Amino acid sequence: MSQDKIFISHSENETLELGRKFAKNLFGGLVILLDGDLGTGKTVFVRGVGQELNISGVRSPSFTLINEYQAKNFVVIHADLYRLDENNANSIGLEEFYGLDDFVVFIEWPERLPGIFADNIIKINFLALNESERKIKFSGLGLKAEGVISRL
């Protein structure tokens, strides 16, 4: 596990900008786990990633479960497992995208999908400090994931 990086976001705009900055170093094959309570900025962060990758219309996949967006060099898979239990989460087929160079996979509520086995995982934890401030912590598993975090 690499050295964690921690950022304090003071607004939704700052979380959006952090997503944009994060996107500059993304490449296919990464799995990004977005952990945090409701309303802590997970989807806002992914919207920022989308803006940087020239993807419009990024929204929460709470009801659709999985949204797919075509970026220039890969497909972004954005999954929200909030409404699923462990058995249902295992049946939606996310594992078929893990580690493939054509995909970057973002998973909200990853604790509903135990045993995510991928080589390059980035975990981003979102913690509400108050109504507008968020502590956002990045951790990486795998050399490529650690490299993305080190360039933040």
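Anyway, here's the lowdown on the structure attached to this text. (Residues numbered from 1 in each chain as written. Predicted model: local features only at pLDDT ≥ 70, side-chain atom pairs only at ≥ 80, totals over all residues. Heavy atoms only, no water.)

### Examining the pattern of salt bridges
For side chains bearing opposite charge, pairing can occur when the charged atoms are close.
Line of reasoning, step 1. Enumeration over the complete set of coordinates arrives at four salt bridges.
Line of reasoning, step 2. When the shortest N-O distance is used, the salt bridge between R47 and E12 registers 3.9 Å. Here the residue R47 occupies a position in helix α2 (residues 42–52), and E12 occupies one in helix α1 (residues 12–23), the gap between them amounting to 35 residues.
Line of reasoning, step 3. Residue R47 is classed as partly exposed on the basis of its relative accessible area, which comes to 30%.
Line of reasoning, step 4. K24 serves as the salt-bridge partner of E52, at 3.9 Å between the closest nitrogen and oxygen. Of this pair, E52 sits in helix α2 while K24 is found in the loop between α1 and β2 (31–36), placing the two residues 28 residues apart along the sequence.
Line of reasoning, step 5. Note on K24: relative accessible area 57%, which makes it exposed. (Salt bridge = Lys/Arg side-chain N within 4 Å of Asp/Glu carboxyl O. Helix = DSSP H or I, 4+ residues; strand = E, 2+ residues; numbered from the N terminus. Buried < 20%, exposed > 50% of the residue type's maximum accessible area, 1.4 Å probe, protein only.)

### Quick notes on the packing of aromatic side chains
Line of reasoning, step 1. Tallied over the entire structure, the rule returns seven aromatic pairs.
Line of reasoning, step 2. A ring pair is formed by F22 and F138, whose centres lie 5.6 Å apart and whose planes are at 40 degrees; its orientation type is tilted. Highlighted residues: F22 in helix α1 and F138 in strand β7 (residues 134–141), separated in sequence by 116 residues. Note on accessibility: F22 and F138 belong to one class, buried.
Line of reasoning, step 3. Relative to W109, the ring of Y82 lies with its centre 4.8 Å away and its plane at 50 degrees, an arrangement referred to as tilted. Here the residue Y82 occupies a position in the loop between β4 (75–80) and α3 (86–90), and W109 occupies one in the loop between β5 (103–108) and β6 (121–128), the gap between them amounting to 27 residues.
Line of reasoning, step 4. An aromatic cluster of at least three residues, connected via ring pairs, comprises F7, F22, F45, F126 and F138. (Phe/Tyr/Trp six-rings, centres within 6.5 Å; stacked < 30°, edge-to-face > 60°.)

### Brief notes about the packing of α1 against α2
Line of reasoning, step 1. Interaxial distance between α1 and α2 falls to 7 Å at its minimum, and their mutual angle equals 50 degrees. One element, α1, and the other, α2, form an angle in the oblique class. In this structure, α1 meets α2 at a crossing whose hand is right-handed. Each of E12, T15, L16, L18, G19, R20, F22 and A23 in α1 lies in contact with α2, whose residues at this interface are V44, F45, R47, G48, V49, Q51 and E52. (Axes fitted to C-alpha atoms, helices over the stretch in contact; angles between N-to-C directions. Parallel < 35°, antiparallel > 145°, perpendicular 65-115°, else oblique. Left-handed = near helix turned anticlockwise from the far one by under 90°. Contact = heavy atoms within 4.5 Å.)

### Considering a nonpolar patch on the surface
Line of reasoning, step 1. The grouping of I6, I8, L127 and L129 at the surface amounts to a nonpolar patch, some 340 Å² of accessible area in total.
Line of reasoning, step 2. Relative to the elements of secondary structure, L127 occurs in strand β6.
Line of reasoning, step 3. On the basis of relative accessible area, L127 is assigned to the partly exposed category, the value being 41%. (Patch = residues over 30% accessible without salt bridge, like charges linked within 9 Å, V, L, I, M, F, W, Y side chains within 5 Å. Areas by Shrake-Rupley, 256 points an atom, 1.4 Å probe, with all protein chains shown as cover.)

### A look at the sheet that holds strand β3 (residues 66–70)
Line of reasoning, step 1. Reading across the sheet, the seven strands line up as β1-β7-β6-β2-β5-β4-β3 and stay open at both edges, with mixed pairing between neighbours. Since the sheet does not close on itself, it has two edges, and those belong to β1 (5–9) and β3, each with one partner. For this sheet the average axis-to-axis angle between neighbouring strands, irrespective of direction, equals 15 degrees.
Line of reasoning, step 2. Sheet topology note: the β1/β7 ladder contains five bridges and is antiparallel. Opposite S9, over in β7, you have R134 as the bridge partner.
Line of reasoning, step 3. Of the strands in this sheet, β1, β6 and β7 touch helix α4 (residues 143–150), which is tilted by about 145 degrees from β7. (Pairing = 2+ DSSP bridges.)

### A short note on the environment of G19
Line of reasoning, step 1. Residue placement: G19 occurs in helix α1.
Line of reasoning, step 2. Here the alpha-carbon distance between G19 and G48, two residues 29 residues apart in the chain, equals 4.4 Å.
Line of reasoning, step 3. Excluding residues that lie within four positions of it along the chain, G19 makes contacts with F45, G48 and V49.

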